[in-house]
Amino acid sequence: SDLVNIRADAAVAGGAEAARAFSECLAAGYALERGFGFARHVSTALSEEGGVWRADAVYTISPAIPAGLRTIDAETKVAACAENGIPTV
C-alpha cells in the first residue's frame, strides 16, 4: 500500500463537492496507473479562494480492498468519472 496526496482545484458549479469528486477521480486514476485496484480515503481539507475550491486529500492505494468504510474500487470509479466528464489524470 502507498499513501498519496492529491490536490484538486474546481472553479465550476458544485464548489466543494466538485473538488472532492475530482480528487476521488484523480486518486482512482493514480491507483490504476500504479497497478493498484483500490484506494481508501483518509482525509480531505477543503478551502475556497476567489471562487476556486481546493481539495487537499490523502488516500491509500492498494492491490487488495483495504479495510475501512470509504474504499474506492479504482476501475469502477474511473469508469464513473469518465461518464460524468471528470478527468482522472
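Residues numbered from 1 in each chain as written. Predicted model: local features only at pLDDT ≥ 70, side-chain atom pairs only at ≥ 80, totals over all residues. Heavy atoms only, no water.

> Can you lay out the confidence of the model for the chain for me, pointing to particular residues and giving the numbers?
In low-pLDDT segments, the atomic positions of the prediction should not be examined closely. When pLDDT is averaged along the chain, the result is 92, and 98% of the positions lie at 70 or above. Averaged pLDDT values for the elements of the chain fall to 90 in strand S1 (residues 2-10) and rise to 97 in helix H2 (residues 74-83). (pLDDT = per-residue confidence, 0-100. Helix = DSSP H or I, 4+ residues; strand = E, 2+ residues; numbered from the N terminus.)

> Please give an account of the sheet that holds S1 that cites residues and values.
Strand order in this open sheet of four strands is S1-S3-S2-S4, and the pairing throughout is antiparallel. On the outer flanks of this sheet lie S1 and strand S4 (71-73), each paired with one strand and no other. Taken over all neighbouring pairs, the strand axes of this sheet differ in orientation by 35 degrees on average, direction set aside. Bridge analysis of strand S2 (residues 38-49) against S4 gives three bridges, and the strand direction is antiparallel. (Pairing = 2+ DSSP bridges. Axes fitted to C-alpha atoms, helices over the stretch in contact; angles between N-to-C directions.)

> Can you break down helix H1 (residues 15-33) residue by residue, with the values?
An ideal rise of 1.5 Å per residue puts 27 Å on 19 residues; H1 measures up with 27 Å between its terminal C-alpha atoms. One or two residues past the end of H1 sits Gly35, with phi positive at roughly 85 degrees. (Expected span 1.5 Å × (residues − 1).)

> Talk me through H2; I want residue IDs and the actual numbers.
Within the sequence span of H2, burial applies to Ala74, Val78 and Cys81. Burial along H2 is one-sided: seen end-on, the buried residues are contained in an arc of 60 degrees. In H2, the exposed residues that point more than 90 degrees away from the buried face are Glu75, Thr76 and Glu83. For H2, the elements touching its buried residues are H1, S2 and S4. By the N-cap criterion, in which a side-chain oxygen at the helix start approaches the backbone nitrogen of a residue two or three places on, H2 is capped by Asp73, the distance to Glu75 being 3.1 Å. (Buried < 20%, exposed > 50% of the residue type's maximum accessible area, 1.4 Å probe, protein only. Arc of directions from axis to C-beta. Contact = heavy atoms within 4.5 Å. Polar contact = N/O pair within 3.5 Å; in protein donor to acceptor, adjacent residues only side chain to side chain.)

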